[in-house]
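In case you want the letters, here they are:
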Amino acid sequence: MSRTPHKVVLDTDPGIDDALAILLALASPEIVLRALTVTGGNCPLEDGVRNALNVLALAQAPHVPVHSGVALPLLRPPFTAPETHGDHGLGYATLPAAPFGSADEHAVDAIIREIMAAPGEIVLVAVGPLTNVALAIRREPRIVQAVRDVIFMGGAFRVEGNTTPLAEFNVYVDPHAAQIVLQSGMPLTIIPWDITREVRLTQAHVDRLLRQGGPLVQFIADATRFYIEFHLNHFGYAGCSINDPAALALVFMPELAQTEEVFVAVDVMSDLSMGKTVGDFQRITTHTPNARVVTAFDSERFVELFVERMERLSRLLPLA
Ligand code: RIB
Ligand code: CA
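Scoring rules and cut-offs
Residues numbered from 1 in each chain as written. Chains lettered and ligands numbered in written order. Predicted model: local features only at pLDDT ≥ 70, side-chain atom pairs only at ≥ 80, totals over all residues. Heavy atoms only, no water. Donors = N, O, S within 2.8 Å, 3.2 Å for Na, K, Ca; no water. Helix = DSSP H or I, 4+ residues; strand = E, 2+ residues; numbered from the N terminus. Buried < 20%, exposed > 50% of the residue type's maximum accessible area, 1.4 Å probe, protein only. Contact = heavy atoms within 4.5 Å. Core = buried A, V, L, I, M, F, W, Y, C linked by side-chain atoms within 4.5 Å. Polar contact = N/O pair within 3.5 Å; in protein donor to acceptor, adjacent residues only side chain to side chain. Salt bridge = Lys/Arg side-chain N within 4 Å of Asp/Glu carboxyl O. Near = heavy atom within 4 Å. Nonpolar A, V, L, I, M, F, W, Y, C, P; charged D, E, K, R; others polar.

Caption draft 1: Local environment of the coordination of the calcium ion (ligand 2). Here the calcium ion (ligand 2) is held by the protein donor atoms Asp13 (OD), Asp18 (OD), Asp18 (OD), Val127 (O) and Asp244 (OD), which lie 2.2 to 2.6 Å from it. Donor residues for the calcium ion (ligand 2), ordered by position in the chain, follow D-x4-D-x108-V-x116-D. Placement of Asp13 in the loop between β1 (6–12) and α1 (16–26) and of Val127 in the loop between β4 (122–126) and α5 (131–139) is noted, with a sequence separation of 114 residues between them. On the accessibility criterion, Asp13 (1% relative accessible area) is buried.

Okay, here's the thing in C-alpha coordinates:
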(Lines give C-alpha, C1' and ligand atoms only; values in the text may rest on other atoms or scores of the structure.)
(Ligands and ions follow the chains in the order given, each with its own letter.)
Protein backbone atom coordinates (compact mmCIF):
# COMPACT_ATOMS: atom_id res chain seq x y z
CA MET A 1 0.00 0.00 0.00
CA SER A 2 1.39 3.41 -0.94
CA ARG A 3 2.16 5.62 2.04
CA THR A 4 0.66 9.08 2.48
CA PRO A 5 3.06 11.44 0.70
CA HIS A 6 5.67 13.21 2.81
CA LYS A 7 5.04 16.97 3.19
CA VAL A 8 8.27 18.77 2.34
CA VAL A 9 9.43 22.38 2.58
CA LEU A 10 12.64 22.80 0.57
CA ASP A 11 14.92 25.62 1.72
CA THR A 12 17.26 26.21 -1.17
CA ASP A 13 19.83 28.42 -2.93
CA PRO A 14 19.21 27.45 -6.58
CA GLY A 15 21.95 26.65 -7.80
CA ILE A 16 22.34 23.82 -10.29
CA ASP A 17 22.08 20.86 -7.89
CA ASP A 18 19.30 22.66 -6.02
CA ALA A 19 17.39 22.88 -9.32
CA LEU A 20 17.84 19.13 -9.76
CA ALA A 21 16.49 18.60 -6.23
CA ILE A 22 13.42 20.69 -7.08
CA LEU A 23 12.85 18.54 -10.18
CA LEU A 24 13.32 15.34 -8.18
CA ALA A 25 10.75 16.51 -5.64
CA LEU A 26 8.29 17.19 -8.46
CA ALA A 27 9.05 13.81 -10.04
CA SER A 28 8.52 11.87 -6.80
CA PRO A 29 4.97 10.79 -5.92
CA GLU A 30 6.18 10.10 -2.38
CA ILE A 31 6.53 13.85 -1.86
CA VAL A 32 4.15 16.79 -1.64
CA LEU A 33 6.32 19.88 -2.16
CA ARG A 34 4.57 22.38 0.10
CA ALA A 35 6.87 25.33 -0.63
CA LEU A 36 10.25 26.48 -1.82
CA THR A 37 11.95 28.96 0.54
CA VAL A 38 14.96 30.66 -0.99
CA THR A 39 18.14 31.98 0.60
CA GLY A 40 21.22 33.65 -0.73
CA GLY A 41 24.07 31.21 -1.38
CA ASN A 42 25.21 29.78 -4.70
CA CYS A 43 23.94 32.98 -6.27
CA PRO A 44 22.43 36.21 -4.93
CA LEU A 45 18.93 35.87 -3.50
CA GLU A 46 17.16 37.54 -6.39
CA ASP A 47 18.78 35.17 -8.87
CA GLY A 48 17.84 32.22 -6.68
CA VAL A 49 14.20 33.30 -6.51
CA ARG A 50 14.08 33.78 -10.28
CA ASN A 51 15.73 30.41 -10.86
CA ALA A 52 13.27 28.65 -8.53
CA LEU A 53 10.29 30.21 -10.33
CA ASN A 54 11.68 29.38 -13.77
CA VAL A 55 12.45 25.76 -12.87
CA LEU A 56 8.90 25.33 -11.54
CA ALA A 57 7.54 26.83 -14.77
CA LEU A 58 9.73 24.48 -16.83
CA ALA A 59 8.26 21.53 -14.92
CA GLN A 60 4.74 23.01 -15.18
CA ALA A 61 4.42 23.24 -11.40
CA PRO A 62 3.02 26.75 -10.79
CA HIS A 63 1.17 25.46 -7.73
CA VAL A 64 4.33 25.34 -5.60
CA PRO A 65 4.79 28.70 -3.84
CA VAL A 66 8.23 30.32 -3.85
CA HIS A 67 9.09 32.48 -0.84
CA SER A 68 12.01 34.87 -0.92
CA GLY A 69 14.09 34.77 2.25
CA VAL A 70 17.20 36.27 3.75
CA ALA A 71 19.75 37.58 1.28
CA LEU A 72 22.85 37.72 3.46
CA PRO A 73 24.45 35.57 6.17
CA LEU A 74 23.75 36.52 9.80
CA LEU A 75 27.22 37.91 10.42
CA ARG A 76 29.62 36.77 7.70
CA PRO A 77 30.14 38.79 4.49
CA PRO A 78 28.24 37.76 1.35
CA PHE A 79 29.79 34.72 -0.39
CA THR A 80 28.51 33.16 -3.61
CA ALA A 81 29.76 30.47 -6.01
CA PRO A 82 29.68 31.75 -9.60
CA GLU A 83 32.64 29.54 -10.51
CA THR A 84 30.52 26.50 -9.60
CA HIS A 85 27.01 27.48 -10.70
CA GLY A 86 27.60 30.27 -13.21
CA ASP A 87 26.98 34.00 -12.97
CA HIS A 88 23.22 33.56 -12.60
CA GLY A 89 23.12 30.20 -10.84
CA LEU A 90 22.11 27.67 -13.52
CA GLY A 91 25.31 27.21 -15.48
CA TYR A 92 24.86 27.41 -19.25
CA ALA A 93 21.09 26.95 -19.01
CA THR A 94 18.68 29.73 -19.85
CA LEU A 95 14.98 29.34 -19.08
CA PRO A 96 11.89 31.23 -20.18
CA ALA A 97 10.65 33.62 -17.52
CA ALA A 98 7.97 32.06 -15.34
CA PRO A 99 4.50 33.54 -15.90
CA PHE A 100 4.02 33.73 -12.13
CA GLY A 101 5.85 35.45 -9.29
CA SER A 102 7.01 34.69 -5.80
CA ALA A 103 4.68 34.74 -2.79
CA ASP A 104 4.36 37.86 -0.65
CA GLU A 105 5.04 35.91 2.55
CA HIS A 106 8.68 35.91 3.69
CA ALA A 107 10.49 32.57 3.65
CA VAL A 108 11.06 32.63 7.41
CA ASP A 109 7.34 33.14 8.04
CA ALA A 110 6.45 30.46 5.49
CA ILE A 111 8.71 27.91 7.20
CA ILE A 112 7.09 28.69 10.54
CA ARG A 113 3.52 28.65 9.17
CA GLU A 114 3.97 25.36 7.32
CA ILE A 115 5.51 23.60 10.34
CA MET A 116 3.08 24.97 12.95
CA ALA A 117 0.05 24.24 10.74
CA ALA A 118 0.95 20.54 10.59
CA PRO A 119 2.79 19.55 13.78
CA GLY A 120 4.83 16.38 13.31
CA GLU A 121 4.22 16.28 9.56
CA ILE A 122 6.62 18.66 7.81
CA VAL A 123 10.08 17.55 6.70
CA LEU A 124 12.28 20.61 6.21
CA VAL A 125 14.96 19.83 3.64
CA ALA A 126 17.68 22.48 3.81
CA VAL A 127 20.15 22.46 0.94
CA GLY A 128 21.58 25.95 1.21
CA PRO A 129 23.07 28.12 3.93
CA LEU A 130 20.89 27.83 7.05
CA THR A 131 20.09 31.53 7.46
CA ASN A 132 16.31 31.18 6.89
CA VAL A 133 16.12 28.15 9.18
CA ALA A 134 18.08 29.80 11.98
CA LEU A 135 15.89 32.90 11.91
CA ALA A 136 12.76 30.74 11.85
CA ILE A 137 13.97 29.08 15.06
CA ARG A 138 14.61 32.45 16.66
CA ARG A 139 11.25 33.87 15.54
CA GLU A 140 9.22 30.79 16.58
CA PRO A 141 11.17 28.38 18.84
CA ARG A 142 8.21 25.98 18.90
CA ILE A 143 9.12 24.78 15.40
CA VAL A 144 11.96 22.81 17.02
CA GLN A 145 9.42 20.41 18.53
CA ALA A 146 6.79 20.71 15.79
CA VAL A 147 8.94 19.85 12.77
CA ARG A 148 8.98 16.14 11.85
CA ASP A 149 12.60 16.16 10.69
CA VAL A 150 15.21 18.47 9.26
CA ILE A 151 17.46 17.04 6.55
CA PHE A 152 20.49 19.23 5.88
CA MET A 153 23.01 18.89 3.08
CA GLY A 154 26.16 20.40 4.49
CA GLY A 155 29.34 20.10 6.45
CA ALA A 156 32.58 18.26 5.83
CA PHE A 157 33.75 16.02 8.64
CA ARG A 158 36.51 13.65 7.59
CA VAL A 159 37.36 15.01 4.13
CA GLU A 160 38.71 18.32 2.84
CA GLY A 161 36.13 21.03 2.38
CA ASN A 162 34.84 22.09 -1.03
CA THR A 163 35.07 25.80 -0.21
CA THR A 164 38.07 26.08 2.11
CA PRO A 165 40.55 23.31 2.93
CA LEU A 166 38.25 22.50 5.85
CA ALA A 167 34.76 23.85 5.23
CA GLU A 168 31.82 22.89 3.02
CA PHE A 169 29.96 25.72 1.23
CA ASN A 170 26.54 25.79 2.98
CA VAL A 171 28.12 25.87 6.42
CA TYR A 172 30.96 28.18 5.40
CA VAL A 173 28.61 30.82 4.00
CA ASP A 174 26.69 31.09 7.28
CA PRO A 175 28.41 29.19 10.12
CA HIS A 176 26.51 31.16 12.77
CA ALA A 177 23.20 30.03 11.33
CA ALA A 178 24.51 26.47 11.32
CA GLN A 179 25.49 26.85 14.97
CA ILE A 180 21.97 28.01 15.89
CA VAL A 181 20.43 25.02 14.11
CA LEU A 182 22.93 22.57 15.64
CA GLN A 183 22.27 23.92 19.14
CA SER A 184 18.48 24.14 18.71
CA GLY A 185 17.54 20.55 19.54
CA MET A 186 15.78 20.10 16.21
CA PRO A 187 15.62 16.50 14.88
CA LEU A 188 18.48 16.83 12.41
CA THR A 189 19.83 14.52 9.73
CA ILE A 190 23.02 15.72 8.03
CA ILE A 191 24.27 14.39 4.70
CA PRO A 192 27.74 15.91 4.40
CA TRP A 193 30.17 16.58 1.57
CA ASP A 194 32.01 13.46 2.75
CA ILE A 195 29.13 11.52 1.19
CA THR A 196 27.68 13.72 -1.55
CA ARG A 197 30.97 14.41 -3.31
CA GLU A 198 30.76 10.75 -4.44
CA VAL A 199 27.15 11.03 -5.65
CA ARG A 200 27.93 11.90 -9.25
CA LEU A 201 25.90 12.47 -12.37
CA THR A 202 28.15 11.76 -15.34
CA GLN A 203 28.07 12.83 -18.96
CA ALA A 204 26.88 9.31 -19.82
CA HIS A 205 23.83 9.86 -17.60
CA VAL A 206 23.19 13.20 -19.29
CA ASP A 207 23.56 11.66 -22.76
CA ARG A 208 21.02 9.00 -21.73
CA LEU A 209 18.61 11.73 -20.64
CA LEU A 210 19.10 13.65 -23.88
CA ARG A 211 17.72 10.67 -25.78
CA GLN A 212 14.36 11.68 -24.28
CA GLY A 213 14.39 15.04 -26.05
CA GLY A 214 12.46 18.07 -24.84
CA PRO A 215 13.11 21.20 -22.77
CA LEU A 216 13.48 19.49 -19.41
CA VAL A 217 16.40 17.27 -20.37
CA GLN A 218 17.91 20.10 -22.41
CA PHE A 219 17.86 22.23 -19.25
CA ILE A 220 19.51 19.46 -17.26
CA ALA A 221 22.16 19.05 -19.97
CA ASP A 222 22.90 22.79 -20.21
CA ALA A 223 23.03 23.29 -16.45
CA THR A 224 25.14 20.21 -15.73
CA ARG A 225 27.56 20.85 -18.62
CA PHE A 226 28.83 23.90 -16.70
CA TYR A 227 28.77 21.93 -13.41
CA ILE A 228 30.64 18.93 -14.88
CA GLU A 229 33.29 21.24 -16.33
CA PHE A 230 33.76 22.83 -12.90
CA HIS A 231 34.10 19.47 -11.14
CA LEU A 232 36.68 18.26 -13.66
CA ASN A 233 38.73 21.46 -13.49
CA HIS A 234 38.45 21.99 -9.73
CA PHE A 235 38.39 18.47 -8.28
CA GLY A 236 39.53 16.31 -11.18
CA TYR A 237 36.18 14.50 -10.97
CA ALA A 238 34.43 12.84 -13.91
CA GLY A 239 30.86 13.99 -13.46
CA CYS A 240 29.21 16.38 -10.99
CA SER A 241 28.17 15.96 -7.38
CA ILE A 242 24.38 16.07 -7.12
CA ASN A 243 24.47 16.90 -3.41
CA ASP A 244 20.98 18.33 -3.00
CA PRO A 245 18.96 15.65 -4.80
CA ALA A 246 20.70 13.10 -2.57
CA ALA A 247 19.54 15.01 0.51
CA LEU A 248 15.97 15.15 -0.79
CA ALA A 249 15.91 11.40 -1.45
CA LEU A 250 16.44 10.73 2.25
CA VAL A 251 12.84 11.88 2.78
CA PHE A 252 11.39 8.92 0.91
CA MET A 253 14.28 6.47 0.69
CA PRO A 254 16.06 6.59 4.06
CA GLU A 255 17.26 3.06 3.35
CA LEU A 256 19.78 4.56 0.94
CA ALA A 257 21.79 5.77 3.94
CA GLN A 258 23.53 4.50 7.02
CA THR A 259 23.66 7.06 9.83
CA GLU A 260 25.33 7.54 13.19
CA GLU A 261 24.14 9.65 16.11
CA VAL A 262 26.91 12.23 16.53
CA PHE A 263 27.61 15.39 18.48
CA VAL A 264 28.32 18.03 15.83
CA ALA A 265 29.69 21.53 16.31
CA VAL A 266 30.91 24.23 13.94
CA ASP A 267 33.86 26.61 14.20
CA VAL A 268 32.79 30.25 14.16
CA MET A 269 35.93 31.65 15.81
CA SER A 270 38.94 31.10 13.58
CA ASP A 271 39.47 32.58 10.13
CA LEU A 272 41.56 29.52 9.27
CA SER A 273 38.89 26.95 10.17
CA MET A 274 35.75 29.09 9.87
CA GLY A 275 32.75 26.90 9.06
CA LYS A 276 34.55 23.63 9.80
CA THR A 277 32.10 21.05 11.13
CA VAL A 278 33.47 18.79 13.83
CA GLY A 279 31.80 15.45 14.56
CA ASP A 280 32.52 13.50 17.76
CA PHE A 281 32.17 10.12 16.04
CA GLN A 282 34.31 8.39 18.69
CA ARG A 283 32.27 9.83 21.57
CA ILE A 284 35.43 11.34 23.10
CA THR A 285 33.54 14.27 24.60
CA THR A 286 30.62 14.02 26.97
CA HIS A 287 28.38 16.00 24.64
CA THR A 288 25.02 14.49 23.76
CA PRO A 289 24.65 13.70 20.05
CA ASN A 290 22.62 16.38 18.27
CA ALA A 291 22.47 14.98 14.73
CA ARG A 292 22.16 11.82 12.68
CA VAL A 293 25.09 11.99 10.26
CA VAL A 294 25.01 9.96 7.05
CA THR A 295 28.13 7.78 7.01
CA ALA A 296 27.32 5.62 3.99
CA PHE A 297 25.04 6.09 0.98
CA ASP A 298 24.07 3.87 -1.94
CA SER A 299 25.12 6.38 -4.62
CA GLU A 300 24.75 4.02 -7.57
CA ARG A 301 21.18 3.09 -6.65
CA PHE A 302 20.28 6.74 -6.02
CA VAL A 303 21.73 8.12 -9.26
CA GLU A 304 19.87 5.45 -11.24
CA LEU A 305 16.66 6.42 -9.45
CA PHE A 306 17.34 10.10 -10.17
CA VAL A 307 17.91 9.50 -13.90
CA GLU A 308 14.83 7.25 -14.15
CA ARG A 309 12.68 9.91 -12.49
CA MET A 310 14.03 12.67 -14.75
CA GLU A 311 13.23 10.44 -17.75
CA ARG A 312 9.73 9.91 -16.40
CA LEU A 313 9.19 13.62 -15.67
CA SER A 314 10.41 14.62 -19.13
CA ARG A 315 7.92 12.20 -20.74
CA LEU A 316 5.08 13.94 -18.87
CA LEU A 317 6.00 17.33 -20.33
CA PRO A 318 5.38 18.52 -23.90
CA LEU A 319 8.41 18.16 -26.16
CA ALA A 320 8.19 21.72 -27.52
O1 RIB B 1 28.52 22.13 -0.70
C2 RIB B 1 27.49 21.81 -1.58
C3 RIB B 1 26.25 22.58 -1.24
O4 RIB B 1 26.50 23.99 -1.34
C5 RIB B 1 25.11 22.31 -2.21
O6 RIB B 1 23.88 22.50 -1.55
C7 RIB B 1 25.31 23.36 -3.25
O8 RIB B 1 24.10 23.65 -3.95
C9 RIB B 1 25.71 24.54 -2.40
O10 RIB B 1 24.54 25.14 -1.87
CA1 CA C 1 22.35 24.14 -2.49
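Caption draft 2: Spatial organisation of the environment of Glu260. Secondary-structure assignment places Glu260 in strand β9 (residues 257–262). Sequence-wise, Glu260 and Thr189 are 71 residues apart; in three dimensions their C-alpha atoms are separated by 9.5 Å.

Caption draft 3: Structural view of helix α8 (residues 175–182). With seven of its eight residues buried, α8 lies for the most part within the structure. What α8 keeps buried is the set Pro175, His176, Ala177, Ala178, Ile180, Val181 and Leu182. Looking at the buried residues of α8, the elements they touch are α5, α7 (169–173), β6 (188–191) and β10 (264–266).

Caption draft 4: How the structure looks around the nonpolar core. With 70 residues, the main nonpolar core has Leu23, Phe219, Phe297 and Phe302 as its most contacted residues. Top contributing element to this core by residue count: helix α11 (residues 215–235), with nine residues. Excluding its chain neighbours within four sequence positions, the residues that come into contact with Phe297 are Ile191, Ile195, Val199, Ala246, Leu250, Leu256, Ala257 and Phe302.

Caption draft 5: Summary view of the environment of Asp18. Inspection of the secondary structure puts Asp18 in helix α1. Given the relative accessible area of 0%, Asp18 is considered buried. In the structure, Asp18 is positioned 109 residues away from Val127 in sequence and 7.0 Å away in space, judged by C-alpha atoms. Dropping the residues within four chain positions of it, Asp18 is found in contact with Thr12, Asp13, Asn42, Val127 and Asp244. A polar atom in the side chain of Asp18 sits 2.9 Å from the side chain of Thr12.

Caption draft 6: The arrangement of the pattern of salt bridges in detail. Per the counting criterion, the structure on display carries 15 salt bridges. Between Glu121 and Lys7 there is a salt bridge whose closest N-O contact spans 2.6 Å. In this pair, Glu121 sits in the loop between α4 (107–117) and β4 while Lys7 sits in strand β1, placing the two residues 114 residues apart along the sequence. Classification of Lys7 by relative accessible area gives partly exposed; the value is 30%. The residue Arg50 makes a salt bridge to Asp47 at a minimum N-O spacing of 2.8 Å.

Caption draft 7: Structural context of the site of ligand 1. The environment of ligand 1 is made up of 13 residues, and the closest members are Asp17, Asn162, Glu168, Asn170 and Asp244. Asp244 places a polar side-chain atom, nitrogen or oxygen, 2.6 Å from an oxygen atom of ligand 1. When residues of the shell around ligand 1 are traced back to their parent elements, those giving at least two are α1, α7 and α12 (243–252). Split into classes, the residues belonging to the shell around ligand 1 amount to three nonpolar, five polar and five charged.

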